[in-house]
Amino acid sequence: MATLEIEGRKVSVTNLDKVLFPETSTTKSDIIEYYAAIAPAMLPHVAGRAVTRKRWPNGVEQSSFFEKNLAASAPDWLDRRSMQHSDRVVTYPLFSTAADLVWLGQQAAIEAHVPQWRFDGTEPGPATRMVFDLDPGDDVDLARCAEVACEIRDLIADIGMTAYPVTSGSKGIHLYVPLDKPLSTSGASTVAKRVATLLEERSPDRVTATMAKAKRTGRVFVDWSQNNGKKTTVAPYSLRGRSLPTVAAPRTWEELESPGLQQLRFEEVLERFHDTGDLLADLDPKPAAEEHDTSDTDKLGKYRSMRSADRTPEPIPKTAEPQGNDDTFVIQEHHARRLHYDFRLEHDGVLVSWAVPKNIPVETGQNRLAVHTEDHPLEYATFAGRIPKGEYGGGDVSIWDSGTYELEKWRDDEVIVVLHGAKARGRFALIRTKGNQWLMHLMKDQPGEHSTKKDSPPTDKPVLKNISPMLATAGDILDLPEDEWSFEGKWDGFRIVAELTHGSMTLRTRSGNDYTEKFGAIGSLAEDLADHDAVIDGEVVVFDSNGISSFEKLQNAARDDIRFIAFDLLHLDGTSLVRKKYSDRRRLLELLTTGLDSVLV
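Keep in mind it's a predicted model, so treat the numbers as computed, not measured.

Calculation rules
- Residues numbered from 1 in each chain as written.
- Predicted model: local features only at pLDDT ≥ 70, side-chain atom pairs only at ≥ 80, totals over all residues.
- Heavy atoms only, no water.
- Helix = DSSP H or I, 4+ residues; strand = E, 2+ residues; numbered from the N terminus.
- Rg over C-alpha atoms; globule rule 2.2 N^0.38 Å.
- Buried < 20%, exposed > 50% of the residue type's maximum accessible area, 1.4 Å probe, protein only.
- Contact = heavy atoms within 4.5 Å.
- Areas by Shrake-Rupley, 256 points an atom, 1.4 Å probe, with all protein chains shown as cover.
- Lys, Arg positive; Asp, Glu negative; His and termini not counted.
- Charge placed at Lys NZ, Arg CZ, Asp CG, Glu CD.
- Patch = residues over 30% accessible without salt bridge, like charges linked within 9 Å, V, L, I, M, F, W, Y side chains within 5 Å.
- Salt bridge = Lys/Arg side-chain N within 4 Å of Asp/Glu carboxyl O.
- Domains from an automatic or database assignment.

Attention shifts here to the overall build of the protein chain. If you tally the helices and strands in the protein chain, you get 11 helices and 33 strands. Computed over the C-alpha atoms, the radius of gyration of the protein chain is 27 Å, within 12% of the 25 Å expected from 2.2 N^0.38 for a compact globule of 601 residues. Evaluated residue by residue, the protein chain yields a buried proportion of 52% over its 601 residues. Sequence-distant contacts in the protein chain: of pairs separated by 6 or more residues, those separated by 24 or more amount to 62%. Of the roughly 28,300 Å² that the protein chain leaves accessible, carbon and sulfur atoms contribute 48%. Of the side chains in the protein chain, 73 bear a positive and 94 a negative charge, and the two mean positions are spaced by 4 Å.

Our next topic: a nonpolar patch on the surface. A cluster of nonpolar residues, Ile477, Leu480, Trp485 and Phe487, forms a patch on the protein surface that exposes about 430 Å² of accessible area. Here Ile477 shows up in the loop between β28 (437-442) and β29 (494-501).

Okay, the domain arrangement of the protein chain next. Interface size is commonly expressed as the accessible area that is lost once the parts come together. Domain boundaries in the protein chain define domain 1 (1-114 + 233-243 + 263-274), domain 2 (116-231), domain 3 (323-442) and domain 4 (494-593). If you average the C-alpha positions of domain 2 and of domain 3, the two centres end up 39 Å apart.

Our next topic: the environment of Lys518. Position of Lys518 among the secondary structure elements: in the loop between β30 (504-509) and α9 (524-528). On the accessibility criterion, Lys518 (44% relative accessible area) is partly exposed. Distance in space between the C-alpha atoms of Lys518 and Glu539 is 14 Å, their sequence separation being 21 residues.

What follows deals with the pattern of salt bridges. Using the criterion set out here, one finds 31 salt bridges in the structure. The partner of Arg508 in a salt bridge is Glu499, with the nearest N and O atoms 3.6 Å apart. On the accessibility criterion, Glu499 (3% relative accessible area) is buried. Measuring nitrogen to oxygen at the nearest pair gives 3.7 Å for the salt bridge that ties Arg586 to Glu590. You can see Arg586 and its partner Glu590 sitting in helix α11 (residues 582-593), four residues apart, about one turn around the helix. The exposure class assigned to Arg586 is buried, which follows from its relative accessible area of 18%. One salt-bridge network, held together by shared partners, links Lys409, Arg411, Asp413 and Glu414.

Written as structure tokens, this is what we have:
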């Protein structure tokens, strides 16, 4: 019997060479390695939830069984909660660490099923999310399921909800919907049933909300019942006990709207996670207990949980992180399952890290995806070597560049630094767009070209971008899909394009006239965005006592009454956004202006 030490916990493992998926020769060792590697993505979606396991001790071609009750032989460190069922008390495991998922794999428990509620202390709490299980009937393919999924997405968007798609790893699709305010499980079931029934009424020949199998032929069954507090759904990122080692895999809406949609295998899911992070990052908030858990002050806890000192040459310090000068950066070339580059900045005693699939941008017109990963120890700044296959991040690591940096801004959603390396030199910005996904770009304004301090007087006028505002034209939306148009109110004010360059500002009307002095009252916007070079399209307005914009009042308005409403972001830090998707521009605009009183979006 071998023993793995993960996050300070010892997990006994046996029969690692046993083949659990004969068709692909996938072994128990492969399953364990997958669950250890996917833990950072999977754990937030099972945390605090009772885990029911489905086990295949002799592989997927043999019989399986569900296991709810935790056996007496389970390790003492495994968290657990007991629930009263109608005829007995059942003790369930709760998963919160990579060691828990490794134990799951050791049990040949290929599937993990969880409810949509979390424990509140020792009692089952309210639902924190809804789920729709789209199950295709006979003669219905995955593409039809995807069509129905998109209809549900649009339907619930009308009531202010967001859906996240997951191909189930079996036949269909799961749609998860986060609940801003937790509902009782019966309340969640009621809402989900209403959505499913409404969809059936609209398309009775394509959709059914009825559980009777006779009703499913040629239709997609929208199963709303899994929101019942007594039911469970296979967890996101769980493997499935099918002939192939497929996974309940998070997907993008673009994938669902494209031809050729298929279920994904575990190797593909790991690659996707490494490249793009967790697509469900905004689905599940931290459990309340974790929000106030002071043990989270160990910034390297997650890093340590994903590595074992006896299996990888990477530095794994056991003591508290040392303090450096907060001025070191390193970029490591990482030949893992897929080549990428790891960008790391020393900050508050750790290396804050991003995986950059295409390396850092070398031109101001480039935006590079950067996926925020776990903090690394400072010792990692000099690490180069081979991480063994099967370990997290397995592959060759070398140092592509390193040096020092100057910090200009560090916020939860934006970082601006000046790098001084042999290859990486200049002023770079990282902007968080969604969950753990960021954009990295080389800023047009480089050191020495403009002042970078907010308290320094501007020395240059803003660079003119010669961008005219987008004007309204007559048209019809009746033939447009709902995701190809959006609504912006008609404001009774002055249409203005604001050209902002690191603290200075020019305001131009739709005809190109300079109204900077006339509407100088909104100059605080330039101060708030002094770290950026941006062009924002919007309207200057004044609101009357009823909150309605008034062109008449604007003519003689006091400075404090003038407001700027932003519609669109057309240019940012040397990059024209005009040809980017409107939804992406709007998202960047919202991120850029979050928390600012000087602008309404």
